[in-house]
Amino acid sequence: MKRYKTLLFDVDDTLLDFHDAQDQALDQLFTSVDIEPTATVKHAYATYNQGLWEKLERNEITRDELMATRFPTFFKEHFGKELANNSLNDRYLQFLANGHQALPGARELLEDLAARDYELYIVTNGVKFIQEKRLRESKFEQYFKQIFISETLGAQKPS
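Note that the structure is predicted; figures quoted are calculated from it, not measured.

Q: Would you mind going over the packing of aromatic side chains in detail, with residue names and values included?
A: A complete count under the given rule lists 15 aromatic pairs for this structure. For the ring pair Phe9 and Phe144, a centre distance of 5.9 Å and an interplane angle of 70° mean the geometry is edge-to-face. Of this pair, Phe9 sits in strand β1 (residues 6-9) while Phe144 sits in the loop between α6 (128-138) and β3 (146-149), placing them 135 residues apart in sequence. Under the relative-accessibility criterion, Phe9 is labelled buried at 11%. Here the aromatic rings of Phe74 and Phe79 are separated by 6.0 Å at their centres, their planes lie at 80°, and the arrangement is edge-to-face. Judged by its relative accessible area of 0%, Phe74 falls in the buried class.

Q: Outline the sheet that holds β3, supporting the account with residue identities and numerical values.
A: Pairing is parallel across the open sheet formed by three strands, whose spatial order is β1-β2-β3. In this open sheet, the two edge strands, each paired with only one partner strand, are β1 and β3. Averaged over all pairs of adjacent strands, the angle between their axes in this sheet comes to 20°, without regard to strand direction. Sheet contacts for helix α5 (residues 106-115): β1 and β2 (119-124); angle to β1, the most-contacted strand, approximately 160°.

Basis of the calculations
Every chain begins its residue count from 1, and numbering advances along the sequence as written. Owing to the predicted nature of the model, reporting of local features is limited to residues with pLDDT of at least 70; listing and counting of side-chain atom pairs is limited to 80 or more, with chain, interface and lining totals taken over all residues. Note: side-chain values were computed over all heavy atoms of the structure, leaving out hydrogens and water. The pairing test for Phe, Tyr and Trp rings, Trp by its six-membered ring, is centres within 6.5 Å, and the orientation test on the planes gives stacked under 30 degrees, edge-to-face over 60, and tilted for anything in between. The secondary structure listing takes helices from DSSP runs of H or I that are at least 4 residues long and strands from runs of E that are at least 2 residues long, numbered from the N terminus. Exposure is judged per residue with a 1.4 Å probe applied to protein chains only, and the accessible area is read against the type maximum: over 50% gives exposed, under 20% gives buried, and values in between give partly exposed. The rule for pairing is simple: two strands pair if DSSP sees at least two bridges between them. To obtain an axis, a line is fitted to C-alpha atoms, over the contacting stretch when the element is a helix, and the angle between two such axes runs from 0 to 180 degrees between their N-to-C directions. In this description, contact between two residues means that some pair of their heavy atoms is separated by no more than 4.5 Å.

What follows is the structure, given as structure tokens:
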């Protein structure tokens, strides 16, 4: 007998490998501006970016502030480069949207749960077009009854 009928899933690092997607996106972004994407540079960015997302979850900054400041501030602090605009953020998001590597066992788990008539839902933070594209290209969206993305709902998890 099933104890639960409805199951909620996150996307990043639950079904899809966010770190792989981020790593590839950063390689492409830094290379596009003639900065060698070393492990040290990418780690520094990942740490800085994670801190911003944590501030967003605590309502200390807005999503728009995060998107507008992360690359100009990071490039100024780490490379002394002033960015005239925030085009790097848009470029990075496009690169990130291409990353849809499934975590080991994720597809098999979803297939098994779907076959046993569980109601599956996505509840995820992140950028709407990125999460939708990653789910579509991974062919995971077919398993879910509905997908809830924080950007669309106007609230970050856990709110």
